[in-house]
Amino acid sequence: MEISARAAQLTPSLTLSIDSKAKAMKAEGIDVCGFGAGEPDFDTPDHIKQAAIQALEAGFTKYTPSAGLPDLRQAIAEKLAADNQLSYKASQIVVTNGAKHACYNAILATCQGGDEVVIPAPYWVSYPDMVHLAGADPVMVPTTERNGWKMRAVDFENAMTPRTKMLILNTPGNPTGAVYTREELQAIVEIAAQEDIYILADEIYEKLVYDDVQHVSVASVSKEAADLTITVNGFSKAYAMTGWRLGYLAAPEAVAKAAESIQSHSTSHPCSFAQRGALAALKGDQQPLADMRDEFNMRRSYMYDRVTKIPNITAVKPEGAFYILVNISQLGLSSQNFADRLLSKANVAVIPGAAFGDDRTVRLSYATSIDIIKKGLDRFQDFCRTL
Ligand SMILES: Cc1ncc(COP(=O)(O)O)c(C=O)c1O
């Protein structure tokens, strides 16, 4: 049977192919150390689960409004005001089936054939394919370790054409862990504002920043930023709720309406009782989140110290998220070849940077226990020394 050109152009996921190989090895009883995880290894806090359970038991199992429960949209607007200095009305919020879905709705609501979308590389895997699905063209802007894997305003300016419709900024970033400062954002926003270019600000890792680094919301840096930015966030990473599929976007009224309309004809709305859990996450105790961040911080320092002691390997200390992007280019292998050999020879799973548009690197996640991190890094180090 023939599939559409739209579907045929999608890139097969390199992330999934390594993951399925690692799973098959584990199923054979092989002791694999997995550094591929893209989700917190913690359980969802109990009070959040209880809220969803109570909702289920009370029969809260029917359709909800397309853009989400009114009290949840209101709570998100209050969270964005309190945590991010953003002034959105509840009517500007659309609750979605995960932050990924919020990004997709936002891109579909604003971009079409003939448009270009600027994406700093290395990037989160799904952005280019989402842009393709909207019929638009992704334009990658390579970044460097020297600049902390961050796109400078001048790089953005050089990539702009009359077709540029949107810029995607992910801060804190996956896979780089880079966090943009207010000044860096202001400079980028100034360029975008000259040509009315939308900014999709994916801030899903906002709660995972370390040391004295501050997360700055893109839409908060100026009036122009607020007018042009679609803010995306969610519950997956902050509250260890990846499987709940709950995220949201906050946008200028017309974009929010369009995103709601798209959602109403595709997924209808996110799961009813899961939304009750999300409300409890926002309103309830925030301590579990701080505990999780402390644990990630300890692992981050350990992993960074170990990795950067290996000869011919470099890395920028990540300021946020839970990944370290390791530059392996001096070892003479492509990222895919490195990852394949590391898995088959040393039983360690990492994600090849080719998946993120950067073949010089591999991504190591520290969303796994410190014992696995120690064992996996012993093997990683021995493997690198053989090259
Ligand atoms: C940068 C980035 N944005 C969005 C998402 C998707 O989050 P969600 O699980 O809420 O869809 C991820 C998940 O890995 C991510 O890394």
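Residues numbered from 1 in each chain as written. Predicted model: local features only at pLDDT ≥ 70, side-chain atom pairs only at ≥ 80, totals over all residues. Heavy atoms only, no water.

As a further point, take the domain arrangement of the chain. According to the domain assignment, the chain consists of domain 1 (5–43 + 287–385) and domain 2 (46–283). Taking only C-alpha atoms into account, the centre of domain 1 sits 25 Å from that of domain 2. Of the residues lining the interface, 36 residues belong to domain 1; the matching set on domain 2 comes to 34 residues. Looking at the side of domain 1 facing domain 2, the largest losses of area belong to L289, E319 and F356, adding up to 20% of the total buried there. For the pair domain 1 and domain 2, the number of links is two salt bridges. Note that D43 is salt-bridged to K49, the shortest N-O span being 2.6 Å. Mapped onto the side of domain 1 that touches domain 2, the elements with two or more residues apiece are α12 (287–307), β9 (314–315), β10 (323–327) and β13 (361–365). Sort the elements by how many residues they give to the side of domain 1 that touches domain 2 and α12 lands first, with seven residues. (Domains from an automatic or database assignment. Contact = heavy atoms within 4.5 Å. Buried area = accessible area lost by both parts, 1.4 Å probe. Salt bridge = Lys/Arg side-chain N within 4 Å of Asp/Glu carboxyl O. Helix = DSSP H or I, 4+ residues; strand = E, 2+ residues; numbered from the N terminus.)

Taken together, 13 residues lie around the ligand, and D202, Y205, S236, K237 and R245 are the ones closest in. For the ligand, a nitrogen atom lies 2.6 Å from a polar atom in the side chain of D202. (Near = heavy atom within 4 Å. Polar contact = N/O pair within 3.5 Å; in protein donor to acceptor, adjacent residues only side chain to side chain.)

The biggest cluster of nonpolar side chains holds 72 residues, and the ones touching the most others in it are F338, L364 and F380. Among the elements that make up this core, the one with the highest residue count is helix α14 (residues 370–385) (six residues). Both of domain 1 (5–43 + 287–385) and domain 2 (46–283) provide at least three residues apiece to this core. Here F380 is in contact with I310, I313, V326, F338, L342, V348, V350 and L364, once residues within four sequence places are set aside. (Core = buried A, V, L, I, M, F, W, Y, C linked by side-chain atoms within 4.5 Å. Buried < 20%, exposed > 50% of the residue type's maximum accessible area, 1.4 Å probe, protein only.)

Looking now at the sheet that holds strand β4 (residues 137–142). Within a sheet, adjacent strands bond to each other through the backbone by hydrogen bonds, running parallel or antiparallel. Strand order in the open sheet formed by seven strands is β2-β8-β7-β6-β5-β3-β4, with mixed pairing between adjacent strands. At either margin of the open sheet sits one strand with a lone partner, and together these are β2 (93–96) and β4. Direction aside, neighbouring strands of the sheet carry axes that sit 20° apart on average. Summarising the sheet, strand β3 (residues 116–121) and β4 pair through six bridges and their orientation is parallel. (Pairing = 2+ DSSP bridges. Axes fitted to C-alpha atoms, helices over the stretch in contact; angles between N-to-C directions.)

The buried fraction of β13 is high, at five of five residues. Both faces of β13 are covered, namely the face carrying T361, R363 and S365 and the face carrying V362 and L364. Here β10 pairs with β13 via five bridges, running antiparallel. Bridge assignment links N327 to a residue of β13, and that residue is T361. Of the pairings in the sheet, the one linking strand β12 (residues 351–352) to β13 comprises two bridges and is antiparallel in character. Each residue of the ladder has a partner; that of I351, found in β13, is R363.

Let us look at the environment of V307. Inspection of the secondary structure assignment puts V307 in helix α12. When the C-alpha atoms of V307 and I324 are compared, they prove to be 9.2 Å apart, with 17 residues separating the residues in sequence. Beyond its immediate sequence surroundings of up to four residues, V307 is in contact with I313, A315, V326, L364 and L377.

Another aspect to go through is the pairing of strand β6 (residues 198–202). Burial of β6 is extensive: four of the five residues sit out of reach of the surface. Sheet analysis places strand β5 (residues 164–170) next to β6, joined by five bridges and oriented parallel. Residue pairing in the sheet places M166 in a bridge with Y198 of β6. You can see the chain leave β5, run along helix α8 (residues 182–194) and come back into β6, and the turn it takes is right-handed. (Right-handed = clockwise from strand over helix to strand, strands pointing away.)

Turning our eyes to something else, we now look at empty space enclosed by the protein. Across all of its chains, the model carries one cavity of 30 Å³ or more by this definition. Contributing to the lining of the largest cavity are 15 residues, with P120, P122, N170, T176 and Y180 lying nearest its centre. Residue contributions to the lining of the largest cavity peak at three residues, all from β5. Its residues assigned to classes, the lining of the largest cavity comprises eleven nonpolar, four polar and no charged. (1 Å grid on protein atoms, 1.4 Å probe; cavity = no way out; pocket = protein on both sides within 12 Å on 5 of 7 lines; lining within 4 Å. Points joined across faces, edges and corners; volume = space filled by probe spheres on them. Nonpolar A, V, L, I, M, F, W, Y, C, P; charged D, E, K, R; others polar.)

Strand order in the open sheet formed by four strands is β9-β10-β13-β12, and the pairing between neighbours is antiparallel. This sheet does not close on itself; its edge strands, each paired only once, are β9 and β12. Those strands touched by α12 are β9, β10 and β13, and its axis lies near 10° from that of β10.

Before going further, it helps to examine unusual backbone geometry. A cis amide bond, omega -10°, links T171 with the succeeding residue P172. With respect to the helices and strands, the residue P172 is situated in the loop between β5 and α8. Of the consecutive residues N174 and P175, the connecting peptide bond is found in the cis state with omega at 15°. Its location among the elements puts P175 in the loop between β5 and α8.

Further remarks concern helix α11 (residues 272–283). An α-helical segment advances 3.6 residues per turn. Residues three or four places apart therefore align on the same side. Along its twelve residues, α11 runs 17 Å from first to last C-alpha, staying within 8% of the 16 Å computed at 1.5 Å per residue. α11 sits mainly inside the fold: nine of its twelve residues count as buried. If you check which residues of α11 are buried, you get S272, A274, Q275, G277, A278, L279, A280, A281 and L282. At its buried positions, α11 is contacted by α3 (46–57), α4 (70–84) and β2. (Expected span 1.5 Å × (residues − 1).)

All right, on to the side chain of N233 then. Residue position: N233 is located in strand β7 (residues 229–234). Setting aside residues up to four positions removed in sequence, N233 forms contacts with K79, A99, E203, I204, E206, G247 and Y248.

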